[in-house]
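What follows is the residue order along each chain.
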Amino acid sequence: MIVAVTGGKGGTGKSTLSSNLFFYFIENYKTALIDCDVETPNLPYLLGCEDLNPIKDIFIEVPNIEEGKTYNYNNVCKEGALLKVKNKLIFVEELCSGCKACGINSNITFKKRSIGKIYEKKFDNGYLIVGKSNLGERKTAKIVTETKKYGLSKHCEINIIDTAAGTHCNVVRALINADKVIIVTEPTPFGISDAKRIIKVVEKLNIPYKIVLNKYGISDLKINYDFKIPYDKRIVECYCKGESFLKYDDLRNYMEEIANWILGIG
Amino acid sequence: MKIALPIENNELSQHFGRCEKFMIVEIENGEIKGKEIIENTAREGRGGVGTTSASLIADKGVDAIIVQNIGPKAYNVLKQLGIEIYKANTTSIDECIKLFLEKKLEKFE
């Protein structure tokens, strides 16, 4: 089972929900929690662990331009990264997306460049897998795909994918192949507006989804939802300490309802 | 020698890479010998607009450019090609060329 947690707006509680679902599932199922918010991953803090092991680098391949070598390259780069000016080749590495179009019908060779890393923390009955981009990288979607692939290679019964905020490429890449999606939102005009946008994306991907209304009670705004989590100071306290809130039975019940939908029970 | 100016609505453009056109001015013995206007075909690009624009004018055999502003990537490409970059504090094209000929423009360093 692959369940992706998304929401459109930032700060609605995606990671809070993901980490508490992880703590819930790990009691009975082998579970992987995969942080696909690769530009600002912070699940390690929510799980109260910062001692992650680096597993591997994510590479793209960029042209290896050598001084004094003649290349039969004609300006095909759409990123403006590889320029041929009067038989001189100029490579602007930070613009290169690694598409390798410059290598088609040319004698250009390639070298690997790291754009980020995958980290891992092993738990008794599961894993936290985190993808993290190098600062300044323009295109980080490959890190999302590779992080997810690595996480799924652990063959856990439950895989929770935590996506970034927004509706951009990295979010879509994180959602693809999920069996179910949870959309976390909040009763604010911003939460509602952004949720509508991500719902359209999820519907396009044709993945069954449910809406979790987090911070329930902070306003009277009418909003359709399937599950709720109340605005509760105990949740905020746990969040700040990097602990789960499952120790509070009433709060645990809210998690259980969501978990049962993921498991297909009731 | 040849100099290039990014232009927009017949004035010096505020941007280098996203300018509408380039004016290429040919100078000989301290006098204007000829002017040519070329379309900036790079401006609608997805990315790397600055670097592509830089290669566009470099292909025209330009020795120097006069700009109001320029991004770091385009700047580096021009530097690698040995093209000098001068800074103008006016948007008048004629004034820019006049100040250049009088050697009163400062270089972007």
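Residues numbered from 1 in each chain as written. Chains lettered and ligands numbered in written order. Predicted model: local features only at pLDDT ≥ 70, side-chain atom pairs only at ≥ 80, totals over all residues.

Undergrad: What should I look at first to understand the overall build of chain A in this one?
TA: Helices and strands together make up the secondary structure of chain A, namely seven helices and 11 strands. Along the first, second and third principal axes, the C-alpha set of chain A runs to 70 × 40 × 30 Å. A separation threshold of at least 6 residues defines the contact pool for chain A, and within that pool the share at least 24 residues apart is 72%. (Helix = DSSP H or I, 4+ residues; strand = E, 2+ residues; numbered from the N terminus. Contact = placed C-beta atoms within 7 Å.)

Undergrad: Quick question: what am I supposed to make of the packing of helix α1 (residues 49-58) of chain B against helix α2 (residues 72-80) of chain B here?
TA: The description of two packed helices rests on the angle between their axes and on the distance between the axes. Residues and elements named next belong to chain B. The geometry of α1 relative to α2 is characterised by a closest axis approach of 7 Å and an angle of 30 degrees between their N-to-C directions. As summarised for this structure, α1 and α2 are arranged roughly parallel, according to the angle between their axes. Our pair here, α1 against α2, has a crossing hand that is right-handed. Side by side, α1 and α2 meet where G50, T51, S53, A54 and S55 of the first sit next to K73, A74, V77 and L78 of the second. Its residues assigned to classes, the contact of α1 with α2 shows four nonpolar, four polar and one charged. (Axes fitted to C-alpha atoms, helices over the stretch in contact; angles between N-to-C directions. Parallel < 35°, antiparallel > 145°, perpendicular 65-115°, else oblique. Left-handed = near helix turned anticlockwise from the far one by under 90°. Nonpolar A, V, L, I, M, F, W, Y, C, P; charged D, E, K, R; others polar.)

Undergrad: Would you mind showing me how to read the confidence of the model for chain B here?
TA: Residue and element names in this part refer to chain B. In the predicted model, chain B carries a mean pLDDT of 94, and the fraction of residues at 70 or more is 100%. The secondary structure element of chain B with the lowest average pLDDT is strand β7 (residues 106-107), at 92, and the one with the highest is strand β5 (residues 64-67), at 97. Interface scoring of the predicted complex returns ipTM 0.85; its pTM is 0.82. (pLDDT = per-residue confidence, 0-100.)

Undergrad: Before we go on, may I ask you to explain the environment of B:K98 in this structure?
TA: Mapped onto the fold, B:K98 is located in helix α3 (residues 93-101). Counting along the chain gives 49 residues from B:K98 to B:V49, while the straight-line C-alpha distance between them is 28 Å.

Undergrad: Which parts of the structure should I look at to understand the environment of A:Y71?
TA: Note on placement: A:Y71 falls in the loop between β3 (53-63) and β4 (82-85). Each C-alpha atom of the pair A:Y71 and A:V3 lies 48 Å from the other, and the pair is 68 residues apart in sequence.

Undergrad: Explain the environment of B:I38 to me, please; I cannot follow it from the model alone.
TA: Residues and elements named next belong to chain B. By the element assignment, I38 lies in strand β4 (residues 31-39). By C-beta crowding, I38 is classed as partly exposed, having 14 other C-beta atoms within 10 Å. Considered as a pair, I38 and T51 are 13 residues apart in the sequence and their alpha carbons are 17 Å apart. Residues within four places of I38 in sequence aside, it is in contact with K21, F22, I24 and K60. (Buried ≥ 20, exposed ≤ 12 C-beta atoms within 10 Å, placed from the backbone.)

Undergrad: Any chance you could explain the sheet that holds strand β2 (residues 31-35) of chain A here in plain terms?
TA: Strand pairing in a sheet relies on backbone hydrogen bonds, with the paired strands running either antiparallel or parallel. All names here are of chain A. Taking strand neighbours across the sheet as the criterion, the nine strands line up as β3-β6-β7-β2-β8-β1-β9-β10-β11 in an open arrangement whose pairing is mixed. Of all strands in the sheet, those bounded by a partner on one side alone are β3 and β11 (227-230). If you compare each strand with its neighbour and ignore which way they point, the axes differ by 20 degrees on average. Bridge analysis of strand β1 (residues 2-6) against strand β8 (residues 158-162) gives four bridges, and the strand direction is parallel. Each bridged residue has a counterpart across the sheet, and for V5 the counterpart in β8 is D162. Helix-sheet contacts for helix α1 (residues 14-25) involve β1, β2, β8, β9 (180-185) and β10 (209-216), and the interaxial angle to β8 is about 165 degrees. Together, β1, β9, β10 and β11 form the strand contacts of helix α7 (residues 249-263), whose direction differs from that of β11 by roughly 155 degrees. (Pairing = 2+ DSSP bridges.)

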